[in-house]
Amino acid sequence: MLKNLHLKLPSFKITPWIVWLGFLGLLLMAALVGGILVFWNGLWITNLTDLVPWGLWITIDLSSIALSAGAFTLCAAVYLIGLKRYQPIARTATFVGLIGYTMAMLALLLDIGRPDRFWHAIVYWNEHSLMWEVTMCVVLYLTVLVFESMPIFAGFDWFKKRFPKVAGWMSHLHHYAPYLAIAGLFLSMLHQSSLGAMYGVIKARPFWFKPEMSVLFMYSAIVGGISLTLFASMLSARLTPKARINDGLIERVSYFVAWALVGYLYFRFWDALAQNYTYQPGRTEGLHLLTGGSLSFNFWAGEILLGTLVPMILLLTPSTRKHPFWRMVALGLVVGGVVAFRWDTNISGLLMVISYLPGQPTVAYTSYRPSLIEFITGSGVIAYGLLAFSFGVKYLRVVDHRFAEEPETVKMKSVETVPV
Amino acid sequence: MTKPIKRRDFLKVAAVGAAAVAASRAIQKANASEGVESGPNQWVMVIDQSKCIGCGYCTLACQSHNDINPDIQWNRVMAAGEVDGKDVFLPRPCMQCAKAPCVEVCPVNASYYRPDGIVMMDYDRCIGCRYCEVACPYQARSFNWKAFDGTNPAVPKWGQPEVARRPRGVVEKCAFCYQRIDRGLALGLQPGVDADATPACVVACPTGARVFGDLNDPNSNVSKLLKQNVSYRLRDDLGTGPRVYYLPANAEKMEG
């Protein structure tokens with residue numbers, strides 16, 4: 001009789017996937033509580049001040065936009081330059097980009113004082129403001145990314161079965177990829193460089209007031225964006241059979257990253273050392289901050305050694321570049337280096353307070369350390385990105401280098417004979 | 001024989017042409033100040049450092065008339081060294097720059113120029129991005145980190161609030177008590193001469209260190225003072241064109 005009462009429990013096994021989801025879920029829950037606290041109380045519960053009004057959140061925002069740059073670079077390479085064989089990587093990059101830009105939006109919503117008025121920049125234009133330009137470009141580019149990733153979402157099995165017609169339209173958008181790539185290239189180059197120019201035009205802060213800010217921001221975004229896409233692809237291929245990579249393809253692109261890093265090292269050194277090797281109030285102090293002050297570890301270890309030199313050598317040396325593990329380490333380090341660059345750039349300019357009293361301006365230093373609530377909400381934004389990418393790998397096959405595009409129809413005139 | 005233009009080439013030329021027209025239109029107005037006609041009045045403030053004794057009455061009057069959160073000061077008075085053993089002070093309102101970095105960088109036009117030169121804030125439009133705060137060389141802008149819903153300690157002793165309190169999450173700043181100027185002009189008063197039409201800090205100053213008036217009027221107090229004295233402006237090297245002028249401290253003119 002007892003046997004008849006035996007209930008059928010659904011089989012539930014703790015897999016690494018479940019643990020991973022649980023971990024991200026916890027981070028997201030904590031961030032949700034943190035976010036509600038921020039919106040309820042206002043920004044005074046952060047460690048931001050009138051002297052350092054931009055901190056950890058803006059770094060997450062800048063970094064996620066920079067690391068999304070793989071999308072426009074690879075889409076341009078595939079659809080405009082014609083390097084067709086990299087199409088599967090461009091597909092991953094597009095998805096990474098979509099996640100990155102939504103992450104940036106989330107971080108910005110936390111950061112601005114009146115999130116309820118986020119739409120004002122779209123309605124009230126100040127075409128003289130770089131921030132306005134960046135906002136417009138980001139909104140428009142996010143739209144482009146949504147269109148670009150439509151064919152990816154169309155591949156979702158459940159969706160394909162439930163709405164076959166819509167899925168058909170969505171995957172048809174693939175035919176417009178070259179046009180979307182042009183729009184993406186235009187908008188991305190504009191706002192990736194403008195994010196640097198946003199700092200570069202601020203005359204009140206001499207350490208930022210440099211024309212090369214926009215060049216450096218765009219250059220580092222291209223290097224970091226491609227690296228993140230490759231790193232994420234390789235990592236997912238190690239962790240799940242759902243992700244299939246073409247290692248040779250990734251190696252080729254990594255070789256490009258290696259030489260791009262050589263250029264980046266030159267530019268960054270020239271920017272940090274040569275441009276500031278002078279005396280102008282604020283400039284020299286900024287250089288000290290990077291080379292010997294509170295940001296020196298970040299600069300020397302994070303940006304130069306681990307962020308540029310080590311991956312450059314690892315990727316230039318054929319034996320380590322061909323070795324998947326070392327290649328992955330190198331690509332991961334590049335991503336870290338770009339984040340360190342964004343953090344250093346933002347914070348170095350803010351930490352120096354330049355006097356406006358008559359006479360030669362003097363420089364004082366202030367300090368900033370993100371508060372717990374900033375860390376919790378910030379890691380929630382990152383957890384959202386990881387979760388979205390994980391779902392993409394599992395259900396949308398965003399990392400699948402065997403992925404075949406729908407065959408292109410060859411148009412030819414009826415009078416012509418089919419070439420044999 | 002001329003080659004017919006291909007469609008592709010035509011499109012290329014058209015795109016370049018359109019981009020050039022768009023760029024030239026953007027460059028025509030290199031900054032936002034050029035979009036604003038200057039009006040008949042150009043308000044400026046002259047601060048005589050020989051007369052300023054650092055009492056801070058101006059700050060208190062400002063706090064009450066503009067109903068400012070005690071955590072924030074629109075008008076700060078700072079010690080600025082000494083001359084012949086006498087302390088010198090530097091009061092700092094908003095400079096109302098002619099080429100204000102804050103106006104140029106605002107993504108939503110919440111900061112704007114009035115024809116009379118005052119740099120205004122639209123508190124209903126500000127999104128609280130704090131770019132203006134980062135851009136201002138004078139630290140004249142403050143963010144409302146916290147909601148101000150308590151009582152204002154400066155009220156009623158130093159005056160009654162004349163403007164609405166700013167909400168949490170927007171940046172705020174001094175605007176030369178525009179509300180007093182506008183109301184005064186409507187009543188036929190003369191700003192800088194009649195107390196009711198003059199910024200509260202100028203009225204509150206016990207030593208007359210602050211003078212307010214119209215730079216377009218050659219007979220105004222400010223025009224005369226600037227003609228007769230040496231003056232300077234803060235961080236003139238930045239090219240912001242401040243509308244606050246300082247007369248440097250002169251030990252002979254100072255008391256004790």
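So, on to the overall build of chain A. Helix and strand counts for chain A stand at 17 helices and two strands. For a compact globule of 420 residues, the expected C-alpha radius of gyration is about 22 Å, and chain A comes in at 24 Å, within 12% of that figure. Overall, chain A is about 80 × 75 × 50 Å in size when its C-alpha atoms are taken along their principal axes. Relative to its full complement of 420 residues, chain A shows a buried share of 48%.

With that out of the way, let us pick up the confidence of the model for chain A. Per-chain confidence: chain A averages 91 in pLDDT, with 93% of residues scoring 70 or above. Taken together, the stretch residues 406-410 of chain A has pLDDT below 50 and engages in two contacts with residues farther than four places along the chain or on a different chain.

Chain A puts 27 residues into the contact, and the matching count from chain B is 37 residues. Of all the secondary structure elements, the ones that give two or more residues to the side of chain A that touches chain B are α6 (120-123) and α7 (130-154) of chain A. Of all the elements, α7 of chain A adds the most residues to the side of chain A that touches chain B, at three residues. For the side of chain A that touches chain B, the class distribution of residues is 15 nonpolar, seven polar and five charged.

We now examine the confidence of the model for chain B. Low-pLDDT portions of the prediction should not be read for the details of their coordinates. Residues with a pLDDT of 70 or more make up 91% of chain B, whose mean pLDDT is 91. Interface confidence in the predicted complex, given as ipTM, is 0.89; pTM for the same model is 0.89.

Our focus in this paragraph is the pairing of strand β9 (residues 244-247) of chain B. Residues and elements named next belong to chain B. Neither face of β9 is left uncovered, since the one carrying Val244 and Tyr246 and the one carrying Tyr245 and Leu247 both have all their residues buried. One ladder, built from four bridges, connects strand β1 (residues 43-48) with β9; its direction is parallel. Looking at the pairing, Val46 lines up with Tyr245 of β9.

The terminal C-alpha atoms of helix α16 (residues 324-351) of chain A, which comprises 28 residues, lie 40 Å apart, in line with the 40 Å expected from a rise of 1.5 Å per residue. Counting buried positions along α16 of chain A gives 22 out of 28 residues, so the element sits mostly inside the fold.

Attention shifts here to the sheet that holds β9 of chain B. Residue and element names in this part refer to chain B. With mixed pairing, the three strands of this open sheet are ordered in space as β8-β1-β9. Both edges of this open sheet fall to β8 (210-214) and β9, since each of them pairs with a single strand only. Averaged over all neighbouring strand pairs, the angle between strand axes comes to 25°, with direction disregarded. In this fold helix α7 (residues 221-228) packs onto β1, β8 and β9, with an angle of close to 110° to the strand it touches most, β8.

This part is about unusual backbone geometry. Residue and element names in this part refer to chain B. The amide bond that connects Val155 to the next residue, Pro156, takes the cis arrangement and shows omega of 5°. Here Pro156 lies in the loop between β6 (142-143) and β7 (171-172). Look at Cys177: it is not a glycine, yet its phi comes out positive at around 45°. By the secondary structure assignment, Cys177 is in the loop between β7 and α5 (178-186). Exposure remark for Cys177: the 28 C-beta atoms within 10 Å place this residue in the buried category. The backbone of Arg235 shows a phi angle near 45°, a positive value even though the residue is not glycine.

Moving on: the nonpolar core. Residues and elements named next belong to chain A. In this structure, Leu74 and Val223 are the most contacted members of the largest nonpolar core, which totals 185 residues. Broken down by element, this core gets its largest block of residues, 15 residues, from helix α11 (residues 213-239). Setting aside its immediate chain neighbours within four residues, Val223 contacts Val257, Ala260, Leu261, Tyr264, Val334 and Val338.

Moving on, we come to the packing of helix α10 (residues 177-200) of chain A against α11 of chain A. All names here are of chain A. Packing of α10 against α11 leaves a shortest axis separation of 7 Å and a crossing angle of 135°. By the criterion of interaxial angle, the relationship of α10 to α11 is oblique. The crossing of α10 and α11 is right-handed. For the pair α10 and α11, contact is made by Met189, Gln192, Ser193, Ser194, Leu195, Gly196, Ala197, Tyr199 and Gly200 and by Met213, Ser214, Leu216, Phe217, Met218 and Ala221, respectively. Class assignment of the residues belonging to the contact of α10 with α11 gives a composition of nine nonpolar, six polar and no charged.

Each value, and the rule that gives it
Residues numbered from 1 in each chain as written. Chains lettered and ligands numbered in written order. Predicted model: local features only at pLDDT ≥ 70, side-chain atom pairs only at ≥ 80, totals over all residues. Helix = DSSP H or I, 4+ residues; strand = E, 2+ residues; numbered from the N terminus. Rg over C-alpha atoms; globule rule 2.2 N^0.38 Å. Buried ≥ 20, exposed ≤ 12 C-beta atoms within 10 Å, placed from the backbone. pLDDT = per-residue confidence, 0-100. Contact = placed C-beta atoms within 7 Å. Nonpolar A, V, L, I, M, F, W, Y, C, P; charged D, E, K, R; others polar. Pairing = 2+ DSSP bridges. Expected span 1.5 Å × (residues − 1). Axes fitted to C-alpha atoms, helices over the stretch in contact; angles between N-to-C directions. Core = buried A, V, L, I, M, F, W, Y, C linked by C-beta atoms within 7 Å. Parallel < 35°, antiparallel > 145°, perpendicular 65-115°, else oblique. Left-handed = near helix turned anticlockwise from the far one by under 90°.

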